[in-house]
Amino acid sequence: MTQKKRFGKGDWITLGFRQLIKDGINGLTLDALCRTAGRTKGSFYHHFKDHNAYLVDLVEAWKQQNTLDVAAETMADDPATQAQTLANLATHLDHDLERAMRQFAQVHETARLVVRQVDQIRTSFIFDLYRAQGLDKETAADIAKIEYAAFVGAQIVWPEMTPEDRLALDKRFAKMVQNCRKSDFQ
């Protein structure tokens, strides 16, 4: 008799990401999760106090993986190449999950708050990179906002954009920023 591999908390989170991408909020119902996992509700409740606790863990895991871990990996790199490291890491995020999480935030309060936190963390992180490159606070803030808005907007407007095209666009933007003078932003 073969025994099923243990389905851990991380497996439920990974499944939730896939379900959110595939079926949106409907894929995150307890019944849908258990059916897709081939597991019982008891298995689910072994790892989560209730369904809402699961949803909170889901969005927090997304924040950790797609923001905090990316920032940590970027900061571990040489300061001279941190901007390029960030561009490479951001380009290879699961952009389907990014869009799905934003859609989820439209209907779930905790997801909405976490997405706002993520947006603030990411924009502040980009701001700090520009400040480290010598830009004044106001210019760094403006460029960080523009760059982040372009990142999120491109996910929505051009969901099929390849990672190579994303990187090429990012390199062109970086070159434009390097060629700008402070007076260009006043």
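Reading guide: rules and limits
Residues numbered from 1 in each chain as written. Predicted model: local features only at pLDDT ≥ 70, side-chain atom pairs only at ≥ 80, totals over all residues. Heavy atoms only, no water. 1 Å grid on protein atoms, 1.4 Å probe; cavity = no way out; pocket = protein on both sides within 12 Å on 5 of 7 lines; lining within 4 Å. Points joined across faces, edges and corners; volume = space filled by probe spheres on them. Helix = DSSP H or I, 4+ residues; strand = E, 2+ residues; numbered from the N terminus. Nonpolar A, V, L, I, M, F, W, Y, C, P; charged D, E, K, R; others polar. Phe/Tyr/Trp six-rings, centres within 6.5 Å; stacked < 30°, edge-to-face > 60°. Buried < 20%, exposed > 50% of the residue type's maximum accessible area, 1.4 Å probe, protein only. Salt bridge = Lys/Arg side-chain N within 4 Å of Asp/Glu carboxyl O.

> Just to check I follow, could you spell out the layout of surface pockets for this structure?
Any empty space left between the atoms is revealed when a probe the size of a water molecule rolls over them. Here the largest pocket is characterised by a volume of approximately 870 Å³. Lining of the largest pocket is provided by 38 residues; of these, Ala83, Ala87, Glu147, Asp170 and Phe173 occupy positions nearest its centre. Where the lining of the largest pocket is concerned, the elements lending two or more residues are α4 (51-75), α5 (82-91), α7 (109-132), α8 (137-157) and α9 (163-178). Counting residues per element, the lining of the largest pocket draws most heavily on α9, which supplies 11 residues. Counted by class, the lining of the largest pocket contains 24 nonpolar, seven polar and seven charged residues.

> Whenever I open this one, the packing of aromatic side chains confuses me. Can you help?
Any pair of aromatic rings gets described here by the distance separating the centres and the angle formed by the planes. Scanning all chains against the criterion turns up seven aromatic pairs. Between Phe7 and Trp12, the aromatic rings sit 4.9 Å apart at their centres with planes inclined by 90 degrees, giving edge-to-face as the arrangement. With relative accessibility at 17%, the residue Phe7 sits in the buried group. Under the relative-accessibility criterion, Trp12 is labelled buried at 0%.

> In this structure, what is going on with the pattern of salt bridges? I would like to understand it.
Side-chain pairing between opposite charges can occur once the charged atoms of the two side chains come close. Inspection of every chain in the model, using the stated rule, returns eight salt bridges. Across the pair Asp23 and Lys22 runs a salt bridge, and its minimum N-O distance is 3.3 Å. On the accessibility criterion, Asp23 (33% relative accessible area) is partly exposed. Taking the relative accessible area as the measure of exposure, Lys22 reaches 61% and is therefore exposed. Arg112 is paired through a salt bridge with Glu109; the nearest N and O atoms lie 2.9 Å apart. With a gap of three residues between them, Arg112 and Glu109 both fall in helix α7, about one helical turn apart. Owing to a relative accessible area of 43%, Glu109 belongs among the partly exposed residues under this scheme.

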